[in-house]
Amino acid sequence: MVKTKPFSISKWVVWEAWKRVRANQGAAGVDDVSISEFEERLKDNLYKIWNRMSSGTYFPPPVRLVNIPKADGGERTLGIPTVGDRVAQMVVKLYLEPVVDPCFHPDSYGYRPGKSAIEAVGQTRRRCWRYDWVLDLDIRGFFDNIDHSLMMRAVRKHTQCKWILLYIERWLKAPATQADRTLVDRDVGTPQGGVVSPLLANIFLHHALDAWMAEKYPNIPFERYADDMVFHCKSEAQARFIPATSGL
């Protein structure tokens with residue numbers, strides 16, 4: 001008697017996920033396994049990922065925290081998953097992104113197929129010829145402070161697939177390790193540096209900002225690249241009215 005897996009996940013998608021992770025390269029995670037080392041036992045490694053994801057027994061290892069200098073003198077904390085976990089996250093992304101991306105606002109440009117920062121800047125420039133005032137908004141610590149319950153609520157608006165929801169929730173809750181190997185529990189945020197994190201950020205901001213702007217201020221165009229936004233206003237009064245009445 002052949003035992004079936006609880007979740008139907010294509011081996012081909014796991015293979016495609018690996019090809020994309022390999023093309024993106026990137027550093028090793030907490031297990032210190034590089035792309036090339038992972039590839040040395042590729043068949044076994046990919047089978048383990050597929051088998052565990054299909055059976056519901058895949059649990060992500062901790063992400064490795066790395067501080068990256070910013071241009072303004074500060075630091076950005078990245079959470080680097082292991083190579084294997086990046087493959088698993090890419091599997092979910094390959095299934096989920098085609099479902100959610102068509103729902104996104106046309107002026108959301110960050111981390112989307114066929115969109116780019118250059119395109120966002122070009123649209124901003126064109127609108128600046130027609131609107132004299134702008135609001136420039138950057139959400140401080142956005143990736144580090146996303147509310148997990150609200151994030152899952154947003155994801156469930158697009159899918160009821162049990163294994164996608166299961167693994168997204170596990171990634172949100174996965175602990176992190178600092179440089180001294182200290183383990184840190186996480187109850188908010190999604191690691192900036194994870195494969196699935198940018199897609200989750202876009203899902204969250206689609207509902208929390210893009211759709212809200214389209215409903216409340218349909219005559220005010222905007223561009224958003226991840227958590228950076230520009231709103232175009234006809235007057236100074238209009239530009240001041242939006243944050244004063246919306247809590248931005």
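Read on for a plain summary of the structure. The numbering scheme is per chain: residues are counted from 1 as the chain's sequence reads. Per-residue local features are limited, in this predicted model, to residues with pLDDT of at least 70; the limit for side-chain atom pairs, both in listing and counting, is 80 or more; totals at the level of whole chains, interfaces and linings are taken over all residues. In computing side-chain properties, one takes all heavy atoms of the structure into account and sets aside hydrogens as well as water.

With that out of the way, let us pick up the pairing of strand β2 (residues 75-80). Relative to β2, strand β1 (residues 63-69) runs antiparallel, the two being bridged by 6 bridges. Counted as the bridge partner of valine 66 is leucine 78 from β2. Linking β1 back to β2 in an antiparallel pair, the connection comprises 5 residues, with glycine 73 at a positive phi of about 95 degrees. Between any two strands, pairing holds if DSSP finds at least two bridges. Helix and strand labels come from DSSP, where a helix needs a run of H or I of at least four residues and a strand needs a run of E of at least two; each type is numbered from the N terminus.

A few words on unusual backbone geometry. As a rule of thumb, non-glycine residues mostly have phi less than zero, and peptide bonds are mostly trans rather than cis. Notably, tyrosine 111 is not glycine yet its phi reads approximately 55 degrees, a positive angle. Mapping tyrosine 111 onto the fold places it in the loop between α4 (83-100) and α5 (117-128). Burial classes follow relative accessibility: with a 1.4 Å probe on protein chains only, a residue under 20% of its type's maximum area counts as buried, one over 50% as exposed, and anything between as partly exposed. By relative accessible area, tyrosine 111 is classed as partly exposed at 39%. For alanine 226, which is not glycine, the phi torsion reads 60 degrees and is therefore positive. Examined against the element boundaries, alanine 226 turns out to sit in the loop between β6 (222-225) and β7 (228-233).

Turning our eyes to something else, we now look at the sheet that holds strand β5 (residues 183-184). Taken together, the 4 strands give an open sheet; going across it, the order is β2-β1-β4-β5, and neighbouring strands pair in mixed fashion. In this open sheet, the two edge strands, each paired with only one partner strand, are β2 and β5.

This brings us to the packing of helix α7 (residues 148-156) against helix α8 (residues 162-173). Helix axes are fitted only over the stretch in contact, all axes being lines through C-alpha atoms; the angle between N-to-C directions runs from 0 to 180 degrees. Interaxial distance between α7 and α8 falls to 11 Å at its minimum, and their mutual angle equals 160 degrees. The angle between α7 and α8 places the two elements in the roughly antiparallel class. The chirality of how α7 crosses α8 is right-handed. The residues of α8 that touch α7, namely those facing His148, Met151, Met152, Val155 and Arg156, are Leu165, Ile168, Glu169, Leu172 and Lys173. Residues are sorted three ways: Asp, Glu, Lys and Arg are charged, Ala, Val, Leu, Ile, Met, Phe, Trp, Tyr, Cys and Pro are nonpolar, and all the rest, Gly among them, are polar. Taken together, the residues that form the contact of α7 with α8 break down as 6 nonpolar, 1 polar and 3 charged. Orientation labels follow simple angle bins: below 35 degrees gives roughly parallel, above 145 gives roughly antiparallel, 65 to 115 gives roughly perpendicular, and whatever is left gives oblique. Left-handed describes a crossing whose near helix is turned anticlockwise from the far helix by less than a right angle; the clockwise case is right-handed. Between two residues, a contact is recorded if the distance between any of their heavy atoms is within 4.5 Å.

Attention shifts here to the sheet that holds β6. The strand order β3-β7-β6 describes an open sheet built from 3 strands, whose pairing is antiparallel. Across the chains shown, the open sheet's two edge strands, defined by having one partner strand only, are β3 (133-138) and β6. Pairs of neighbouring strands in the sheet enclose a mean axial angle of 10 degrees, with direction left out of account. Bridge analysis of β6 against β7 gives 4 bridges, and the strand direction is antiparallel. Across the sheet, residue arginine 224 finds its bridge partner in β7, namely methionine 229. Each of β3, β6 and β7 is contacted by α5, which is oriented at about 160 degrees to β6, the strand it contacts most. Its contacts with the sheet put helix α9 (residues 197-216) on β6 and β7, and the angle it makes with β6 is roughly 170 degrees.

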